[in-house]
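Here is what each chain is made of, one letter per residue.
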Amino acid sequence: MTVTPLGIPRRLVEFTLDGEPVRVPEGSTILDACRAVGKDVPTLCHGDTLTPKNACRVCMVEVEGSRTLVPACSRRAEAGMEVRTQTERARHSRKVVLELLASSVDMSTTPGAAEWIEEYGADPGRFGPEAARLQEQPRIDNELYVRDYGKCILCYKCVDACGEQWQNTFAISVAGRGFDARIAVEHNAPLPDSACVYCGNCVEVCPTGALSFKTEFDMRAAGTWDASRQTETTTVCAYCGVGCTVTLHVQDNEIVKVTSPHDNPVTHGNLCIKGRFGYQHVQNRD
């Protein structure tokens with residue numbers, strides 16, 4: 001029997017997960033339960049600070065009595081349900097989804113994607129070289145972050161973070177239809193001409209690197225980006241009195257990007273332009 005840690009006391013819900021009884025707090029999702037017991041269920045569009053969108057369909061699992069597979073990221077755990085995460089049906093669904101995604105967009109900077117493709121035996125190349133959804137170069141129109149729609153899987157996390165769930169700027173949304181659908185600002189303008197306030201919260205939630213720090217983009221292009229050599233130091237932003245917690249990512253004694261812990265009660269992973277991008281004054285440059 002596995003019991004997950006509790007915060008505010010809530011009623012526990014007991015159900016069966018891959019043949020083993022599991023108890024989780026009421027309101028938990030199947031994905032929450034899987035992660036609590038150490039089961040690896042892949043997901044891309046899920047964000048721990050956002051309402052599930054059910055867009056990527058990589059986390060599908062099988063629930064006894066359900067006609068279709070269900071998304072683990074949004075399906076609430078119910079007492080007595082029987083969930084199976086590694087059935088042939090669920091694994092085949094993930095394999096096909098990974099093939100469709102990896103054949104249509106560049107997933108080279110998506111954490112975990114290469115391992116999942118290998119694990120599920122996915123073959124994105126079987127759809128041919130013409131399967132790419134968009135054929136365009138990265139958009140570099142400012143010095144803070146880069147938009148590379150060739151890596152975008154349309155998970156809508158950036159739209160939610162910019163919209164009503166966090167920033168309430170509503171600078172970006174989905175434009176176009178079908179294979180021409182993409183994330184864009186109003187009138188498809190350059191970012192400096194849009195309503196973007198450069199908080200970078202869209203970059204924070206992007207799962208594929210379609211949105212990335214300009215510093216990271218430049219270092220990857222130069223072949224110098226090495227996450228294994230980077231250290232992380234968590235501190236408090238000194239710009240104002242809110243007290244936002246920031247995590248400085250440092251490589252070769254240079255800050256290469258700034259994030260914020262998602263479990264922080266002040267920021268929940270979000271920052272303003274000063275906290276996320278205003279670190280140049282502490283660098284030692286000639």
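Here goes a summary of the coordinates provided. Here the residue index of a chain counts from 1 through its sequence in written order. Restriction of local features to residues with pLDDT of at least 70 applies here, the model being predicted, together with a cutoff of 80 or more for giving and counting side-chain atom pairs; totals for whole chains, interfaces and linings are based on all residues. With hydrogens and water set aside, each side-chain value is computed from the structure's full complement of heavy atoms.

Some thoughts on the environment of Ala-79
Mapped onto the fold, Ala-79 is located in the loop between β5 (70-71) and β6 (82-84). Along the primary structure Ala-79 and Val-13 are separated by 66 residues, whereas in three dimensions their C-alpha atoms are 5.2 Å apart. In what follows, a contact means two residues having at least one pair of non-hydrogen atoms within 4.5 Å. When neighbours within four sequence positions are excluded, Ala-79 is seen to be in contact with Val-13 and Glu-14. Note on conventions: DSSP H or I runs of at least 4 residues are helices, E runs of at least 2 residues are strands, and numbering of each starts at the N terminus.

What about the environment of Glu-216?
Positionally, Glu-216 belongs in helix α6 (residues 214-222). For the pair Glu-216 and Ala-171, spaced 45 residues apart in sequence, the C-alpha separation works out to 23 Å. When sequence neighbours within four positions are dropped, the list of residues in contact with Glu-216 reads Trp-225 and Lys-257.

Description of α6
Counting along an α-helix, one turn takes 3.6 residues, and residues three or four places apart therefore face a common direction. In this scheme, a residue with accessible area under 20% of its type's maximum is buried, one over 50% is exposed, and one in between is partly exposed, where area comes from a 1.4 Å probe on protein chains only. Among all positions of α6, only Lys-214, Glu-216 and Met-219 are buried. Along its buried surface, α6 packs onto β7 (145-147), β10 (211-213), β12 (245-251) and β13 (254-259). Looking at the residues trailing α6, positive phi occurs at Gly-223, about 80 degrees.

So, the sheet that holds β12
Strand order in the open sheet formed by three strands is β11-β12-β13, with antiparallel pairing between adjacent strands. Looking at which strands have only one partner, the edges of the open sheet turn out to be β11 (231-236) and β13. If you compare each strand with its neighbour and ignore which way they point, the axes differ by 30 degrees on average. Two strands pair if DSSP finds at least two bridges between them. Sheet topology note: the β11/β12 ladder contains six bridges and is antiparallel. Looking at the pairing, Glu-232 lines up with His-249 of β12. Interaxial angles span 0 to 180 degrees and are taken between N-to-C directions of axes, which are lines fitted to C-alpha atoms, for helices over the stretch in contact.

Quick word on the packing of aromatic side chains
Working definition: a ring pair exists when centres of Phe, Tyr or Trp rings (six-membered ring for Trp) sit within 6.5 Å. Plane angles under 30 degrees give stacked, over 60 give edge-to-face, the rest tilted. In the structure shown here, the tally under the stated rule is three aromatic pairs. For the pair Tyr-145 and Tyr-198, a centre-to-centre distance of 6.1 Å together with 65 degrees between the ring planes defines the contact as edge-to-face. With Tyr-145 in strand β7 and Tyr-198 in the loop between β9 (182-185) and α5 (201-205), this residue pair connects regions lying 53 residues apart in the sequence. Members of the aromatic cluster, each reached through a chain of ring pairs, are Tyr-145, Tyr-198, Phe-213 and Phe-277.

That is the geometry; function is a separate question.
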